[in-house]
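Observations on chain architecture
In case you want the letters, here they are:
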Amino acid sequence: MAPPNTPAGPHTADPREGDPRQALLLGLLQGVSEADRSARSHRVLIVDDQPANRTMFAIMLAGRAAGLIGQQAADGVLALEALQEHPFDLVLLDIDMPNLRGNEVLRRVRESPPAPHLKLIMISGRATPDEMAEMMLAGADDYLAKPFSTIQLQARVRTALKLKDAQERSDYLFSQMLAVNQDLESNLTARDSDLVHARNALVLALAELVAYRDHETGDHLLRLQKYSRLLAEQAMKSPNFVSRIDANFVNMIECCAPLHDIGKAGLPDYVLTKPGKL
């Protein structure tokens, strides 16, 4: 006869089981890791009044910056229209343009952002380093002075896009943390509600014990609760008590009102039920 099966050892509980908070946090971290793994394309808007420059910048970015979707605009007005029509991740913005200069486009974009964390890299062949630095103070993320090499352009663009991706992951993590916090609060609220119901049942049981030895009926306790709540709600509206009475206080008054005669529970019957006044 084969020997009976013996347990292999104590069961090890899955850490994700039993604790809803741990499960929520694990789900949150899993969502962040999936967001990291999912590579997406970035949309880049190239704004320059010279067609040759726009084409050259597009070719320079297409060399090693995989995953970039480029679009071109010939001046600042068309750039603002494109930003309203499509979501972009980065704008290469020339400063010296007709109709609307690059610094004015920068000001309008920062005043009314068309997309969150939009990156703007200013380009100029005439502006001084001090002028370019002032544009960064006005909201530009970086700048390039013409002429510049392909490596310089690709490095600035990749760095700006990496920062944007990090900011978007941070926003995603923050939104998920808010969702986790709301779930935890709802769980705590449900548990607290159960405790409140249990407390109220205990209070009413004690009150019924006193009422059983008294001549009052159970309806008397319910009426007293309602009267107490109405009085407390009116007091809460008074300027003298507005800072002292809140909704929790009113609920506590309503809950504890049936215990107004709890002292009778300790009196002997010959005293409590004797004829005449106590």
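Structure shown above.
First, a word on what this report is: a plain description of the structure on this page. Predicted model only: the values in this text are computed from it and were never measured. (Residues numbered from 1 in each chain as written. Predicted model: local features only at pLDDT ≥ 70, side-chain atom pairs only at ≥ 80, totals over all residues. Heavy atoms only, no water.)

Thoughts on the packing of aromatic side chains
So the rule is basically this: In this analysis, rings of Phe, Tyr and Trp, with Trp reduced to its six-membered ring, are considered paired at centre separations within 6.5 Å, and the interplanar angle assigns stacked below 30 degrees, edge-to-face beyond 60, and tilted for intermediate values. Secondary structure is summarised from DSSP: a helix means a run of H or I of at least four residues, a strand means a run of E of at least two, and numbering begins at the N terminus for each. For every residue, the accessible area obtained with a 1.4 Å probe (protein chains only) is divided by the maximum for its type, and the residue is called buried under 20%, exposed over 50%, and partly exposed between those limits. We count a charge as sitting over a ring when the NZ of a lysine or the CZ of an arginine lies within 6 Å of the ring centre and within 35 degrees of the ring normal.
All told, the structure shown has one aromatic pair when counted by the stated rule. An angle of 25° between the planes, with centres 5.4 Å apart, marks the rings of Phe 57 and Phe 148 as stacked. Of this pair, Phe 57 sits in helix α2 (residues 51–64) while Phe 148 sits in the loop between β5 (142–145) and α6 (150–213), and the two are 91 residues apart along the sequence. One exposure class covers both Phe 57 and Phe 148, and it is buried. Against the face of Phe 88 rests Arg 43, its NZ or CZ located 5.1 Å from the ring centre.

What to know about the environment of Arg 199
What counts is decided by this rule: Residues are treated as being in contact if the distance between any of their heavy atoms lies within 4.5 Å.
By the secondary structure assignment, Arg 199 is in helix α6. Excluding residues within four positions of it along the chain, Arg 199 makes contact with Met 252 and Cys 255.

What to know about the sheet that holds strand β2 (residues 68–73)
Selection rule: Strands are labelled as partners when DSSP assigns at least two bridges between them. A fitted line through C-alpha atoms serves as each axis, taken over the contacting stretch for helices, and the angle formed by two N-to-C directions is quoted from 0 to 180°.
As summarised here, the arrangement of the five strands in space is β2-β1-β3-β4-β5, forming an open sheet in which the pairing is parallel. At either end of the open sheet lies a strand with only one pairing partner, and these are β2 and β5. Neighbour-to-neighbour, the strand axes of this sheet turn through a mean angle of 20°, independent of strand direction. Direction of pairing for strand β3 (residues 90–94) relative to strand β4 (residues 119–124): parallel, over a ladder of five bridges.

Some remarks on the nonpolar core
Rule in force here: In these notes, a set of buried Ala, Val, Leu, Ile, Met, Phe, Trp, Tyr and Cys residues joined through side-chain atoms within 4.5 Å is what counts as a nonpolar core.
Ranked by internal contacts, the top residues of the largest apolar core, which has 22 residues, are Leu 45, Val 47, Val 91, Leu 93 and Met 122. Mapped onto this core, the elements with two or more residues apiece are β1 (42–47), α3 (76–85), β3, α4 (102–111), β4 and α5 (129–137). If you tally residues by element for this core, the top one is α3, at four residues. Aside from chain neighbours lying at most four places away, what touches Met 122 is Leu 93, Ile 95, Gly 102, Asn 103, Leu 106, Met 132, Met 135, Ala 140, Asp 142, Tyr 143 and Leu 144. Counting 15 residues, the second-largest nonpolar core is a separate cluster that includes Ile 121, Leu 144, Leu 153 and Ala 160.

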